[in-house]
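# Observations on the three-dimensional arrangement
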Amino acid sequence: MPISSKYRSQAHLPVSDGEREDLVRRLNESYSAGDIDVDDYQPLLDRVFAARTLGELLPVVERLPVKQTYNSPAIVAQGTSGPPPGELTPTRPALRAGMAVMIGGGIAALALVLAILAVLIF
């Protein structure tokens with residue numbers, strides 16, 4: 001559990017009813033998924049209801065799966081053309097990249113020649 005977690009950084013604050021309900025829901029989900037066995041479930045549930053401060057809930061929260069605290073951006077949710085988020089896109093063939101460099105270099109050389117001619121003529 002990182003130090004920035006409210007269960008560590010604000011351990012002295014009282015537990016709200018909403019916090020208790022959220023932890024009970026997460027605890028029930030973990031128990032239903034088989035992440036917590038029957039011998040651990042009841043003591044953890046008792047600790048949730050007995051806790052007065054956030055710090056007293058730390059042992060319970062450490063047993064639960066990490067809670068997602070963000071939403072995926074809409075562009076990620078709708079996009080199906082590229083790779084999944086966090087993965088690199090496939091590389092392009094070297095031929096295309098080489099052609100782009102040659103064309104760009106040719107245009108730059110042409111612009112240089114025209115600039116020199118313009119200086120010499122005027």
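Residues numbered from 1 in each chain as written. Predicted model: local features only at pLDDT ≥ 70, side-chain atom pairs only at ≥ 80, totals over all residues. Heavy atoms only, no water.

## Looking at the overall build of the protein
Just so we agree on the cut-off: Strands are runs of DSSP state E lasting at least two residues, helices are runs of H or I lasting at least four, and both sets are numbered from the N terminus onward. Relative accessibility thresholds used throughout: buried, under 20% of the residue-type maximum; exposed, over 50%; partly exposed, between the two (1.4 Å probe, protein chains only). Residue contacts are counted whenever heavy atoms from the two residues lie within 4.5 Å of one another. All accessibility values rest on the Shrake-Rupley procedure with a 1.4 Å probe; residue burial counts only the protein chains present in the view.
Along its length, the protein carries six helices and zero strands. Secondary structure elements of the protein, listed N to C terminal, follow the sequence α-α-α-α-α-α. Expressed as a percentage of the 122 residues in the protein, the buried residues total 19%. Intrachain contacts of the protein at a sequence separation of at least 6 include 61% that bridge at least 24 residues. Entry remark: accessible area of the protein is about 9,400 Å², with carbon and sulfur atoms responsible for 62%.

## A word on a nonpolar patch on the surface
For clarity, the cut-off: Patch membership requires more than 30% relative accessible area and the absence of a salt bridge. Residues of like charge join within 9 Å; the nonpolar side chains Val, Leu, Ile, Met, Phe, Trp and Tyr join within 5 Å. Any carboxyl oxygen of Asp or Glu within 4 Å of a side-chain nitrogen of Lys or Arg constitutes a salt bridge here.
Together, Leu 110, Leu 112, Val 113, Leu 114, Ile 116, Leu 117, Leu 120, Ile 121 and Phe 122 make up an exposed nonpolar region whose accessible area comes to about 1,000 Å². Looking at where Phe 122 falls in the secondary structure, it is placed in the segment after helix H6 (94-121). Among the residues examined, Phe 122 registers a relative accessible area of 84% and is labelled exposed.

## Focus on the nonpolar core
Cut-off, in case you're wondering: For our purposes a nonpolar core is just a set of buried Ala, Val, Leu, Ile, Met, Phe, Trp, Tyr and Cys residues, chained together by side-chain atoms within 4.5 Å.
One finds Tyr 7, Leu 23, Leu 27, Ile 36, Val 48, Leu 57 and Leu 64 to be the most contacted residues of the largest nonpolar core, which totals 17 residues. No other element matches helix H3 (residues 38-50), which puts four residues into this core. The residues touching Ile 36, leaving out its near neighbours within four places in the chain, are Leu 27, Ser 30, Tyr 31, Tyr 41, Leu 44, Arg 63 and Leu 64.

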